[in-house]
Amino acid sequence: MFVHVRHQLLKNASRFLTLPLAFAPFSVKKSVLQQLLNWQFHHALGEGELDFLQGRCLGIEITDINLRWITTLQASRLVVLPDAEADVWFRAEASDLLLVAACRADPDTLFFQRRLVIEGDTELGLEVKNLMDALEPAAMPAPLRAGLQQLAALAEAEMKQKAQDTASRTGMPC
């Protein structure tokens, strides 16, 4: 029973999130995103590892839930902007970005599988990708790490289920 409920929840997660995100004012999304980003990257910000973003704009788009924003560095803090010209864009579905954030998927693999799209300034994109590669789960705040790991486990289970469903349909008459 639980497996079926989990499967349906994950299968429809983007539909559940798309509507509230569409109606949520940008100020609310901005506040939540800035809190999460600055919490996650607190140590990296303190060490100056994100200084390459000073005066540069990174666009992030989560395609399946229609969420996009621009991030830059201002006064040693990550700031979320609604409409700015991004120097580089990172685009992927929520499940793939969750797997990267939880260190369960390699950004290079997703890029070569065309599940992570990087467009724009190649040098900046490489610096961001290298930062993603260097994420250490142990350095994450414990509640964030636990939440990401649980969501990533659910995303992995859904991806495996989709692969099994596809494999079972292979070779069947149309």
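Residues numbered from 1 in each chain as written. Predicted model: local features only at pLDDT ≥ 70, side-chain atom pairs only at ≥ 80, totals over all residues. Heavy atoms only, no water.

Draft legend 1. Focus on the pairing of strand β1 (residues 58–62). Of all 5 residues in β1, 5 are buried; the element is thus mostly enclosed. Every second residue of β1 is oriented toward a common face, with Leu 58, Ile 60 and Ile 62 on one face and Gly 59 and Glu 61 on the other, all of them buried. With 5 bridges joining them, β1 and strand β2 (residues 67–74) adopt antiparallel strand pairing. Paired with Ile 60 across the bridge in β2 is Trp 69. Hairpin connection of β1 to β2: 4 residues between the antiparallel strands, including Asn 66 at a positive phi of 55°. (Buried < 20%, exposed > 50% of the residue type's maximum accessible area, 1.4 Å probe, protein only. Helix = DSSP H or I, 4+ residues; strand = E, 2+ residues; numbered from the N terminus. Pairing = 2+ DSSP bridges.)

Draft legend 2. Summary view of a nonpolar patch on the surface. Together, Val 28, Val 32, Leu 36 and Trp 39 make up an exposed nonpolar region whose accessible area comes to about 340 Å². The residue Trp 39 is located in helix α3 (residues 26–40) in this model. Judged by relative accessible area, Trp 39 falls into the partly exposed class, the value being 39%. (Patch = residues over 30% accessible without salt bridge, like charges linked within 9 Å, V, L, I, M, F, W, Y side chains within 5 Å. Areas by Shrake-Rupley, 256 points an atom, 1.4 Å probe, with all protein chains shown as cover. Salt bridge = Lys/Arg side-chain N within 4 Å of Asp/Glu carboxyl O.)

Draft legend 3. Representation of the packing of aromatic side chains within the structure. This model, assessed by the stated rule, comprises 1 aromatic pair. Aromatic side chains Phe 111 and Phe 112 sit 5.3 Å apart centroid to centroid with 75° between the ring planes, which places their arrangement in the edge-to-face category. The exposure class of Phe 112 is exposed, given its relative accessible area of 66%. (Phe/Tyr/Trp six-rings, centres within 6.5 Å; stacked < 30°, edge-to-face > 60°.)

Draft legend 4. View of the sheet that holds strand β5 (residues 116–120). A sheet is described by the order of its strands in space; here 5 strands give the open sequence β3-β2-β1-β4-β5, paired in mixed fashion. Edge positions in the sheet fall to β3 (77–81) and β5, since each of these pairs with one other strand and no more. On average, each strand axis in the sheet is inclined to that of its neighbour by 25°, with strand direction left out of account. Strand direction decides the pairing type here: strand β4 (residues 88–92) and β5, joined by 5 bridges, are antiparallel. Paired with Trp 89 across the bridge in β5 is Glu 119. Contacting β1, β4 and β5, helix α7 (residues 122–133) crosses the sheet at an angle of about 50° to β4. (Axes fitted to C-alpha atoms, helices over the stretch in contact; angles between N-to-C directions. Contact = heavy atoms within 4.5 Å.)

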